[in-house]
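# Notes for the structure review
Spelled out from the first residue to the last, the chains are:
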Amino acid sequence: MGHGTSGEAMIVTVVSVPDGGTARISVAEARQRLATDRFLLLDVELPDEEGPAAADEPVARRLGLEDEDLGWFGRRDESARAEFLGEVAGFVVPVVHDGDIAQVHALASERFLVVAHWGRRAGLAAAITAQLRRERPSDAVASLFLLLQESLVTFRRAAVRAVLRVEELEDDMFEGRRPEQIYLLSQERRWSARLHHALLPYLQVVEEVITRRMMSPDFPVERQRLALEFQRTARLVLADIESLQDAARRAFASYGSLVAGEQNGVINRLAIVSVIFLPLSFLTGFFGMNFEFLTNRLETRDEFWFLAVGLQLVAALGSLLLLHRSRIWRRLRDDD
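Residues numbered from 1 in each chain as written. Predicted model: local features only at pLDDT ≥ 70, side-chain atom pairs only at ≥ 80, totals over all residues. Heavy atoms only, no water.

## With respect to the nonpolar core
Grouped burial of nonpolar side chains is what soluble globular proteins tend to show. Of all hydrophobic cores here, the largest spans 50 residues; its most connected members are Phe91, Leu199 and Phe230. Looking at this core, the elements that each hand over two or more residues are strand S5 (88-97), strand S6 (100-108), strand S7 (112-118), helix H5 (140-175), helix H6 (179-214) and helix H7 (221-287). When residues in this core are grouped by element, the largest group, 16 residues, is from H5. The contacts of Phe230, once residues within four sequence positions are left out, are Phe145, Leu148, Gln149, Leu152, Tyr202, Leu203, Val206 and Ile210. Counting residues in hydrophobic clusters, the runner-up holds 26 residues, among them Ala60, Leu65, Val92 and Val114. (Core = buried A, V, L, I, M, F, W, Y, C linked by side-chain atoms within 4.5 Å. Buried < 20%, exposed > 50% of the residue type's maximum accessible area, 1.4 Å probe, protein only. Helix = DSSP H or I, 4+ residues; strand = E, 2+ residues; numbered from the N terminus. Contact = heavy atoms within 4.5 Å.)

## A short note on the pairing of S6
Bridge count between S5 and S6: nine bridges; the pairing is antiparallel. Within the sheet, the bridge partner assigned to Pro94 lies in S6 and is Gln103. Once S5 ends, the chain turns through two residues before running back antiparallel as S6, passing Asp98 with a positive phi of about 55°. Bridging between S6 and S7 involves four bridges; their strand directions are antiparallel. From the neighbouring strand, His105 faces S7, where its bridge partner is Ala116. Remark: three residues form the turn of the hairpin made by S6 and S7, two consecutive strands paired antiparallel. (Pairing = 2+ DSSP bridges.)

## A short note on the packing of H5 against H6
Orientation of H5 relative to H6, taken along the N-to-C sense of each, is 155°, at an axis distance of 11 Å. Considered as vectors, H5 and H6 are oriented roughly antiparallel to each other. Crossing handedness for the pair H5 and H6: left-handed. Tallied by class, residues from the contact of H5 with H6 come to 19 nonpolar, two polar and three charged. (Axes fitted to C-alpha atoms, helices over the stretch in contact; angles between N-to-C directions. Parallel < 35°, antiparallel > 145°, perpendicular 65-115°, else oblique. Left-handed = near helix turned anticlockwise from the far one by under 90°. Nonpolar A, V, L, I, M, F, W, Y, C, P; charged D, E, K, R; others polar.)

No statement about biological role is implied by the geometric values presented.
Right, here's the structure in full:
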């Protein structure tokens, strides 16, 4: 494709239904087919960096979808969105891909489904194509629900993989605590927060829209089934992410328990040292005072050795015997 105009900066791929084959087409051909085809699925790959001319012209207008309410379509950093604009439904769908969270924009009507993303890293074209081959949807709305389901699957896979990593870290901690484990746990906890922060607002807006549509008497029964299946999957995925958050908190608590246990061991050792040296310090301080008895009566070498050394040895041996029979010593020995 050429790059002479801002519209040609996009890469448009048409997905054939029901066989799931793909073919790259020009933007002009995409405009024509959107106006004439009865069932069309387009994957629009937007460049990571667009020039000023491309940024000034909305993607929907480049594709021939003239609607003032579609100015958000294909624009970066859009918040979660799910709304019906007449005959067109618009969605901003979060997707987990390669360890990051990206956005996929989707427009669906009775005749077409247009999916836009930035670069290949956020594309769901391959996954949607595989789903089309298996499910063989009857219309573009059914294809839209396949897209929404596939985005939930990416969150579920990310949450399950993170839970397994947290459990492995927790097992490693009990085998041997290392400082880098707390850093890895912090990363997993931050990742769980990012998953929850990205998915929850999206599910809330989609839930509101789907609920309103399902209350309409003209909402088809088949689409009600698709909507209910999406709601059930959404609750399960949200539960998986909350399980990841609980696992991360439990691992942090386990790490804190291990640190507290090690600190208790250090305190017990200090207590043993204190018990041994406390009577020795007392004897040293006592015989260091200038009482008349100590200065005038203790004159021979035997008296010095008996009082200065003998009492020290008796005090040290008595302290060790007392510690040996105490629970502190047994607990410290069991910890070692």
